[in-house]
Amino acid sequence: MKRKLFSRNFTLLVLGQISSLFGNYILRLALSMYVLEVTGSAAVFAGILSAATIPTILLSPLGGILADRADKRKVMVALDALTGTVVLCVAALLSGGNAIAVISLLLVALSVLGAFETPTVQACIPQMLSGDDIVRGNAVVNQVASVSYLTAPMLGGVLYVAFGLKPVMDISVVCFFITASFECFIRLRRQPMGHGGNVLRVIRHDFIISIKFMAQERTDILKLLLLAALSRFFVMGVTLVGLPFLVRMVLGLDAKYYGGAESALAVATILGSAAAGLLTGKLKTGGLSWLLAAMGLCMIPAGAVFLLPIGVFGRYMVNVAAFCGMQIAVSIFSVFAVSLIQQNTPGDLIGKVMAYTSAVTLCAQPAGQTVYGFLFDGFREAVFLVLVPTGAAVCLIGLLSCGFFRKMESACQACGNQTEKVSSDSGKE
């Protein structure tokens, strides 16, 4: 029987994500503004954020193991309740003399907790939904994240200016506890797994079987993961470093224009997630290569416009439109790629595989930001030499991946047919 998308479990998960993401975004915005006011240096906060991602990268595999072996509902409830408690304690301990050290520790703690929560949430979706609803479910979660990213910073900025840091931290604490309360009512079937001895032996066993699954049994999933990381290296490097650099340094426009560009990107992400939901069942796996190519094609006019005799505002509008087009393609590709991995991974491995997905993409993003930081600095007078070749490279990656996606589509269809045959045979028995 076909189940509706917004089942009780999925609705509770989405409501929890709305509250959790809102709390996260207003908290991080308030912390960044506070650090900037205290130190006067954006580099200090950027360094703190970069260091805080290291625990997520290193601990994500452990988070995946926990997601597969433990009760996912209890894990999510415990992590969100613990997050709220940690923020509450930090708000109580925060003072002018120890502010930077305490905020650094808070960001590291949030990174550690995120390493366990992200794979757990991602592993829940295939257990709540099935078939094409997994794609629609991921699209909804992406839309929730995008809307939160669009609205929370504005509200967080207003609250910070009006009340200061600690009241904003208190509001985020309430958000985390609300999330935990929603998650208390989620009901998931737990898949029993053998304990396999002591903790170190369990970790070693689970790590080996998950790596063997991707390296030997389903190499297409590993290749898809690496392909997504490679595209993220180029796209996020250009977007996160290039867009603010182009608007502020190359075009010489003020912060309100950059804020407008960021808002347009957030709207583009929402539209991309909505488009992914509408394309469910219509866009086949083989079509993902064209989405990669579209990302590259959007970068080319963003660079080429600097060769044309167009004014500053015209170049700004072309770049915003190009980056928005790229963001739409990125959102659709991400939803389908994550759903594809979830649909083709066994239930007892999905937490671990999704953890590797998070860790690899997290590694790719700062690497891309670093490389493109140097490139844009070196070619600030000729930024088209960065954007046009990058667009051509991403486009070429997309075209070269056509054969891979067609093979993966055939493999998924064969796997689906086999599953249907087994289900039919079981029904006859």
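Cut-off values and rules
Residues numbered from 1 in each chain as written. Predicted model: local features only at pLDDT ≥ 70, side-chain atom pairs only at ≥ 80, totals over all residues. Heavy atoms only, no water. Helix = DSSP H or I, 4+ residues; strand = E, 2+ residues; numbered from the N terminus. Buried < 20%, exposed > 50% of the residue type's maximum accessible area, 1.4 Å probe, protein only. Areas by Shrake-Rupley, 256 points an atom, 1.4 Å probe, with all protein chains shown as cover. Lys, Arg positive; Asp, Glu negative; His and termini not counted. Charge placed at Lys NZ, Arg CZ, Asp CG, Glu CD. Salt bridge = Lys/Arg side-chain N within 4 Å of Asp/Glu carboxyl O. Contact = heavy atoms within 4.5 Å. Disulfide = S-S within 2.5 Å. Phe/Tyr/Trp six-rings, centres within 6.5 Å; stacked < 30°, edge-to-face > 60°. pLDDT = per-residue confidence, 0-100. Patch = residues over 30% accessible without salt bridge, like charges linked within 9 Å, V, L, I, M, F, W, Y side chains within 5 Å. Axes fitted to C-alpha atoms, helices over the stretch in contact; angles between N-to-C directions. Left-handed = near helix turned anticlockwise from the far one by under 90°. Core = buried A, V, L, I, M, F, W, Y, C linked by side-chain atoms within 4.5 Å. Expected span 1.5 Å × (residues − 1).

Description of the overall build of the protein
Each helix and strand in the protein was counted, giving 14 helices and 0 strands. Traced from its N-terminal end to its C-terminal end, the protein shows the element sequence α-α-α-α-α-α-α-α-α-α-α-α-α-α. Taking the principal axes of its C-alpha atoms as reference, the protein extends roughly 70 × 55 × 40 Å. Buried positions account for 49% of the 429 residues belonging to the protein. If you sum the accessible surface of the protein, you get close to 19600 Å²; carbon and sulfur atoms cover 68% of it. Separation of charge centres in the protein, based on 31 positive and 21 negative side chains, amounts to 3 Å.

Examining the side chain of glutamate 183
Tracing the backbone shows glutamate 183 in helix 6 (residues 165-183). Buried charge glutamate 183 goes without a salt bridge, the closest partner of opposite sign being arginine 73 at 8.9 Å. Setting aside residues no more than four positions away along its own chain, glutamate 183 makes contact with Arg73, Met76, Val77, Asp80 and Glu117.

A short note on the state of the cysteines
As enumerated under the stated definition, the model contains 0 disulfides in all. Note on cysteine 124: no disulfide assigned, nearest cysteine sulfur contributed by cysteine 184 at a separation of 13 Å. For cysteine 124, a relative accessible area of 0% translates into the label buried. Cysteine 324 supplies the cysteine sulfur nearest to cysteine 298, a cysteine that is in no disulfide, at a spacing of 9.7 Å.

Looking at the pattern of salt bridges
Within this structure, the stated rule accounts for 6 salt bridges. Arginine 69 serves as the salt-bridge partner of aspartate 206, at 2.7 Å between the closest nitrogen and oxygen. With aspartate 206 in helix 7 (residues 199-217) and arginine 69 in helix 2 (residues 42-69), this residue pair connects regions lying 137 residues apart in the sequence. Between arginine 136 and aspartate 133 there is a salt bridge; the shortest N-O distance is 3.1 Å. Of this pair, arginine 136 and aspartate 133 are both found in helix 5 (residues 132-163), 3 residues apart, which corresponds to roughly one turn of the helix. Connected through shared salt-bridge partners, Asp68, Arg69, Asp206 and Lys352 make up one network.

A look at the packing of aromatic side chains
Throughout the structure, instances matching the rule amount to 10 aromatic pairs. When the centroid spacing of 5.6 Å and the interplanar angle of 55° are considered together, the rings of phenylalanine 6 and phenylalanine 10 count as tilted. Judged by relative accessible area, which is 0%, phenylalanine 10 ranks as buried. For the pair phenylalanine 207 and tyrosine 356, a centre-to-centre distance of 6.3 Å together with 85° between the ring planes defines the contact as edge-to-face.

So, the confidence of the model for the protein
When pLDDT is averaged along the protein, the result is 84; 90% of the residues meet or exceed 70. At the low end of the mean pLDDT range in the protein sits helix 14 (residues 402-428), at 62; at the high end sits helix 6, at 93. A low-confidence stretch, residues 417-429 (pLDDT under 50), is modelled with 0 contacts involving residues beyond four sequence positions or located in other chains.

Observations regarding a nonpolar patch on the surface
Side chains of Phe207, Ile208 and Ile211 sit close together on the surface and give an oily, nonpolar patch of about 230 Å² of accessible area. Tracing the sequence through the fold places isoleucine 211 in helix 7. Relative accessible area serves as the criterion here: at 35%, isoleucine 211 is assigned to the partly exposed category.

Looking at the packing of helix 8 (residues 219-250) against helix 12 (residues 350-378)
Direction vectors running N to C along helix 8 and helix 12 enclose 35°, while the axes themselves pass 7 Å from each other. Regarding helix 8 and helix 12, the two cross each other, and that crossing is right-handed.

Notes on the side chain of serine 331
Relative to the helices and strands, serine 331 resides in helix 11 (residues 312-343). When residues no more than four places from it in sequence are discounted, the contact partners of serine 331 are Asn142, Thr269, Gly272 and Ser273.

What about the nonpolar core?
The biggest cluster of nonpolar side chains holds 64 residues, and the ones touching the most others in it are Leu224, Met295, Phe323, Met326, Phe333, Phe376 and Phe405. Broken down by element, this core gets its largest block of residues, 16 residues, from helix 11. Those residues in contact with phenylalanine 323 that lie beyond four places of it in its chain are Val238, Thr239, Leu243, Leu246, Leu265 and Ala302. Formed by 25 residues, the second largest nonpolar core is a distinct cluster that contains Leu27, Leu31, Ala91 and Phe176.

Points about the environment of isoleucine 270
Take isoleucine 270: it is sitting in helix 9 (residues 255-279). Separated by 205 residues in sequence, isoleucine 270 and isoleucine 65 place their C-alpha atoms 31 Å apart. Apart from residues lying up to four places away in sequence, isoleucine 270 is in contact with Gln143, Ser146, Val147 and Leu150.

Examining helix 6
Compared with an ideal rise of 1.5 Å per residue, which puts 19 residues at 27 Å, helix 6 spans 27 Å between its outermost C-alpha atoms and is within 8% of the ideal. Turning to helix 6, the residues buried within the fold contact helix 1 (8-39), helix 3 (72-93), helix 4 (99-128) and helix 5.

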